[in-house]
Structure formats: structure tokens, C-alpha cells
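# Structural characterization, general
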Amino acid sequence: MRLTLLVFGLVTSTLWSAATATAATQPNLLVIFTDDQTFRAIGYNDPQVQTPHLDALAKRGLIFDNAYVASPICAASRASMMSGVFPQQHGVIALKYREFRAYQAGGTRSDQTLAHQLNLAGYHTGFYGKSHLGAPTSYGFAAGDERGAYDDKPTFEKAAAYLDVQATNAKPFFLWLAPRQPHVPLLPEQRWLDLYPEGKLALPENYRLEPRQSSLNNQGIPGQHFYRDSNYRRNHRDLPAGPPRDVKTMREFIRAYFAVISHLDHQIGQIVAKLRSLGVLENTVIVFLSDNGYHLGSHGLGNKITMHEESARVPMFIVGPGVPSGVRTSALVSSLDVYPTLLQLAGVRDLPEHLMGRSLVPILKDPQAEVRTIVFSECVGVGGTVGQGHRMARTKQWKYILTGTDEQYLFDQQKDPFELRNRIDTPELKPIADELRRELSTWMQQVGDRKSLDVRE
Ligand SMILES: [Ca+2]
């Protein structure tokens with residue numbers, strides 16, 4: 001084992017130092033960015049979910065078990081991935097995607113998106129699928145378009161055609177592949193539904209018929225008790241995507257969600273096969289993650305837009321040359337880390353100073369490494385504005401949440417991974433709550449938060 005690690009270290013250090021030297025050694029980069037896939041909804045985290053292609057791909061690489069998105073809602077999360085900063089910094093709050101253009105227009109930011117930076121690093125950049133930020137060519141991609149409709153088939157066809165062309169390009173490629181699945185509407189074909197028995201799937205341990213009336217669960221703007229998607233029924237069997245949902249309804253909804261993920265898995269498997277047939281798989285770094293999680297009846301909720309694990313935590317893995325295989329890491333990761341990681345893998349020495357994430361290359365070299373002790377996320381429901389949201393500070397053991405109406409929560413992730421017991425008023429845990437409050441306060445100052453968290457003791 002020790003010998004293997006030593007050899008691996010030599011290989012990777014050679015690879016990464018060489019990557020800074022010439023374009024010929026730059027790996028291709030592929031980000032597969034799914035929509036609304038919660039961290040448990042992948043085979044390697046839940047054997048109920050059938051994702052053989054994703055499981056096989058993940059097994060060839062490094063699985064990140066503690067990955068959190070900068071903001072658990074589509075447009076805000078995507079703007080953070082592309083800009084490398086939090087929603088309060090880029091201004092795309094909830095679904096206000098037009099703010100992204102305004103952000104880019106400010107100062108020198110127009111050349112600061114991930115795509116712009118990879119263009120500068122010598123890559124051909126392409127985007128297919130869901131943008132949610134306008135045309136991807138408007139924020140730096142050289143090729144590609146936005147897919148508005150639910151069906152991902154054209155997205156995968158265009159991505160495959162892009163790879164056909166780019167495989168022989170002298171430049172390395174950077175492909176952003178953003179399927180719309182498993183976002184609602186959930187309308188799986190029968191062949192994928194048939195993989196899952198009716199009435200059998202287990203519900204999450206924190207399943208409830210409907211949510212507790214709490215700002216913690218609020219998916220609206222501060223002060224509301226709004227739980228999304230109760231009236232949304234454009235799904236298989238007209239199933240509602242929000243509360244209240246009884247056990248039978250919830251089981252069938254989860255069945256449809258898993259079936260859509262199995263279809264998505266099949267399509268991703270075809271893209272990997274395409275890379276292999278073109279002879280570029282071995283020189284392509286693949287990053288897989290989702291834009292946010294999803295409540296499958298956890299805490300009585302649907303949708304996302306909370307700081308709960310189901311909403312803010314996503315499945316993630318990285319596969320590629322020099323990346324260890326068959327390994328999982330518990331290192332805390334932010335979706336904001338993808339941007340600097342890709343730049344460093346592309347051989348960029350001087351990372352843009354505005355980035356709030358950290359390169360994960362140290363973890364790719366040594367899966368025991370860590371790049372942070374705490375990770376942050378923020379979110380507000382549709383209609384919210386800058387500075388109104390829930391905020392979260394998460395360490396490996398603890399999660400501290402400040403809601404949009406200033407209520408505080410503390411969850412012990414080791415003893416209570418389903419977040420059923422708020423420990424904020426437990427006297428002996430006060431030092432932990434105080435420390436997390438200080439950390440969150442520092443983060444709030446960094447992102448220019450207008451709210452002030454009083455941390456005086
Ligand atoms: Ca989403």
C-alpha cells in the first residue's frame with residue numbers, strides 16, 4: 001500500500017508539473033452537472049438507486065462524500081460555479097438569472113468566469129444543457145447553447161457531436177454537460193420504472209407527511225412558512241412534488257425520481273463510451289456533481305432551498321489521469337472549489353484573486369489531505385433578495401444554521417445525520433455554537449453580508 005502511494009505520488013507530481021509547461025499535456029476537462037440530485041440518490045450511497053455507469057465511473061476515481069453547494073437552488077448555484085463566488089457576491093439570488101450579466105459587467109469581471117479563464121488557458125470551451133444564466137456563449141463559452149425543454153436527449157447528442165469534433169482538435173477541450181434530469185417534471189419511461197418495484201422503496205428516516213412550521217423549513221422569503229411544490233403535479237401519475245404526501249405517494253414519487261436517475265445514468269454511460277471510443281477518456285478529467293440536492297419527503301418537504309443535508313449536499317466525484325481510484329474522502333468540499341481545481345489542472349499558475357473556493361488538487365494527490373475545516377452555503381426562496389437567506393456553517397461534526405428570520409440551529413452530524421434534534425440550547429455545546437457563529441460572522445463579512453451576526457460574548 002505504501003509503495004503504491006509512493007509510486008502514485010511520483011506519477012502525479014510529474015503530471016501536474018508537466019501540465020504547467022505545454023498545452024500538449026493539458027488534460028481535457030468534462031464537468032457533468034446534474035439538476036436536483038441529492039447526495040443519497042446515487043448507487044454508491046444507496047443500493048436502492050440503480051446507477052451502474054455512475055458507480056463504475058466513480059470507482060475509477062475519488063468520491064467526495066462531503067460536498068456542499070454554494071447555494072441550493074438552480075440559478076444561484078450555477079452562477080456560483082461559473083463565477084467562483086457566493087450569491088451575495090454575484091447577485092444571482094434564487095432564480096434572478098439576469099443579475100449574472102450585471103455582475104459580469106462590473107469592473108474586470110467579464111473575463112473572470114470559469115469559461116473565460118479556460119479560454120485564456122488554451123482550451124476550447126463548450127456547453128450543452130441547462131444554463132439558467134442565459135446563453136452560455138454570453139459568459140465565455142466558445143460553443144454551445146441552452147436547452148430549455150425537459151428532454152435531455154438533444155443535450156447528450158450535441159455533447160457527443162462536440163466530442164467528435166474536439167477529439168482531434170489540437171487544443172484540449174472543456175465541456176460543461178448539464179442535463180435537466182432529475183429535476184421535475186418526473187416523467188420516466190416505463191423501462192426505467194420497471195427497475196424499481198412498486199410500494200417497496202424505503203423512505204428517508206426523517207420522512208414526514210408535511211413539514212413542521214419552522215423557519216428552518218421555509219422555502220419562501222423570510223417570515224413565510226412556505227413549502228414548495230404542493231400544487232406541482234406534472235409528474236408520473238400526477239404525483240405532487242410537495243407536501244403533504246403520504247407514505248404511498250412518497251414511495252411512488254421516489255420510484256419515479258430514481259427511474260429518471262437511472263435513465264440519466266444510462267445517458268452518461270453513453271458519453272463515457274464516446275470518450276473511450278474517441279481515444280480521449282484516459283486524458284480527460286471528469287468532475288461529476290449536481291447543482292443542488294432535493295427533499296424526497298425528508299422533513300416533510302419537496303424541492304430544495306433549505307440548509308438541510310438533503311438540499312445542500314450533493315454527490316460528487318472526480319476521475320482522470322493522476323486521480324487515485326477506488327477511494328473516498330470525507331474532506332469538506334464546496335461547489336466553489338471546482339473552478340480553481342479545473343484551472344490548476346489546466347496548468348494555470350496564478351488563480352484569479354476573487355475566487356472563494358479552494359483547489360482540490362492537494363486532495364487529488366493525497367486523499368487524506370483536507371483544504372478546509374468549514375464550508376458555507378446560503379439560500380433564499382424565489383422572490384428573495386440579497387442578504388435575506390438562510391446561512392450555514394458546516395464542519396465535519398457540526399452544522400450551524402442562521403435562518404432568514406434569525407433563528408439558530410445546531411445539529412450534530414455524527415449523532416444526528418437526519419437533523420432531527422436542534423442542539424442550539426444545549427448549555428455544554430455553547431462553545432461550539434459560539435465558534436461556528438464566529439466563523440459564520442467572518443464569512444458574512446467576506447461576502448459583504450448586510451446582516452450583522454452579533455458574536456460578542
Ligand atoms: Ca437544480
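Since the model is a prediction, treat every value here as computed from it, not as a measurement.

### A short note on the overall build of the chain
The helix and strand inventory of the chain stands at 13 helices and 13 strands. A compact globule built from 457 residues should have a C-alpha radius of gyration of about 23 Å, and the chain, at 21 Å, falls within 12% of that. C-alpha atoms of the chain, sized along the principal axes, occupy 55 × 55 × 50 Å. A burial count over the chain gives 52% of its 457 residues as buried. The contacts in the chain between residues at least 6 apart in sequence include a share of 67% that link residues at least 24 apart.

### Concerning the nonpolar core
Val-31, Leu-177, Tyr-257, Phe-317, Leu-342 and Ala-346 are the most contacted members of the largest nonpolar core, which totals 122 residues. Mapping this core onto the domain boundaries places at least three of its residues in each of domain 1 (2–372) and domain 2 (378–446). If we ignore the near neighbours within four places in the chain, the residues touching Phe-317 are Ala-58, Gly-61, Leu-62, Ile-63, Phe-64 and Phe-288.

### Looking at the environment of Ala-369
Secondary-structure assignment places Ala-369 in the loop between helix H12 (361–365) and strand E10 (375–379). Among all residues touching Ala-369, those that are not within four sequence positions of it are Ala-331, Pro-362 and Ile-363.

### Looking at the sheet that holds strand E11 (residues 390–394)
Think of a sheet as strands paired side by side through backbone hydrogen bonds, with each pair either parallel or antiparallel. Read from one edge to the other, the open sheet built from four strands follows the order E10-E11-E12-E13, with strand pairing classed as antiparallel. Of all the strands in the sheet, just E10 and strand E13 (408–412) have a single pairing partner and so form its edges. When the angles between neighbouring strand axes are averaged without regard to direction, this sheet yields 15°. For E11 and strand E12 (residues 398–402), the ladder comprises four bridges, and the chain directions are antiparallel. Looking at the pairing, Arg-391 lines up with Leu-402 of E12. On top of the sheet, helix H13 (residues 430–446) reaches E10, E11, E12 and E13; it is set at about 60° to E12, its chief contact.

### Comments concerning the domain arrangement of the chain
The assigned domain composition of the chain is domain 1 (2–372) and domain 2 (378–446). On a C-alpha basis, the centroid separation for the pair domain 1 and domain 2 is 24 Å. Taken residue by residue, the interface counts 31 residues in domain 1 and 25 residues in domain 2. Those elements giving two or more residues to the side of domain 1 that touches domain 2 turn out to be helix H4 (87–90), helix H10 (309–312) and strand E9 (327–334). Its residues assigned to classes, the side of domain 1 that touches domain 2 shows 17 nonpolar, twelve polar and two charged.

### A look at unusual backbone geometry
Of note, the bond from Gln-181 into Pro-182 is cis; its omega dihedral lies within 30 degrees of zero at 0°. Locating Pro-182 in the fold gives a position in the loop between strand E5 (173–178) and helix H8 (190–193). For the bond from Pro-243 to Pro-244, the omega torsion is -5°, close enough to zero to count as cis. Here Pro-244 is to be found in the loop between H8 and helix H9 (247–277). Phi at Ile-305 takes a positive value of approximately 60°, unusual for a residue other than glycine. Positionally, Ile-305 belongs in the loop between strand E6 (284–290) and H10. Residue Glu-419 is not a glycine yet carries a positive backbone phi of 55°. Assignment of secondary structure puts Glu-419 in the loop between E13 and H13. A count of 21 C-beta atoms within 10 Å places Glu-419 in the buried class.

### Observations concerning the environment of Phe-173
Tracing the backbone shows Phe-173 in strand E5. Take Phe-173: there are 24 C-beta atoms within 10 Å of it, and that puts it in the buried class. Residue contacts for Phe-173: discarding those within four places in its chain leaves Asn-28, Tyr-123, His-124, Gly-126 and Gln-166.

### Re the confidence of the model for the chain
Averaged over every residue, the pLDDT of the chain is 93; the share at 70 or more is 93%. Below a pLDDT of 50 lies the segment residues 1–22, which in the model reaches 16 contacts outside its immediate sequence neighbourhood of four places, other chains included.

### Considering the packing of helix H2 (residues 52–59) against H9
Running from N to C, H2 and H9 cross one another at 50°; their axes reach a closest spacing of 7 Å. When the interaxial angle is binned, H2 and H9 end up oblique. Contact residues: H2 offers Pro-52, His-53, Leu-54 and Leu-57, while H9 offers Asp-265, His-266, Ile-268, Gly-269 and Val-272. Among the residues making up the contact of H2 with H9, the classes are represented as five nonpolar, three polar and one charged.

The rules we used
- Residues numbered from 1 in each chain as written.
- Predicted model: local features only at pLDDT ≥ 70, side-chain atom pairs only at ≥ 80, totals over all residues.
- Helix = DSSP H or I, 4+ residues; strand = E, 2+ residues; numbered from the N terminus.
- Rg over C-alpha atoms; globule rule 2.2 N^0.38 Å.
- Buried ≥ 20, exposed ≤ 12 C-beta atoms within 10 Å, placed from the backbone.
- Contact = placed C-beta atoms within 7 Å.
- Core = buried A, V, L, I, M, F, W, Y, C linked by C-beta atoms within 7 Å.
- Domains from an automatic or database assignment.
- Pairing = 2+ DSSP bridges.
- Axes fitted to C-alpha atoms, helices over the stretch in contact; angles between N-to-C directions.
- Nonpolar A, V, L, I, M, F, W, Y, C, P; charged D, E, K, R; others polar.
- pLDDT = per-residue confidence, 0-100.
- Parallel < 35°, antiparallel > 145°, perpendicular 65-115°, else oblique.

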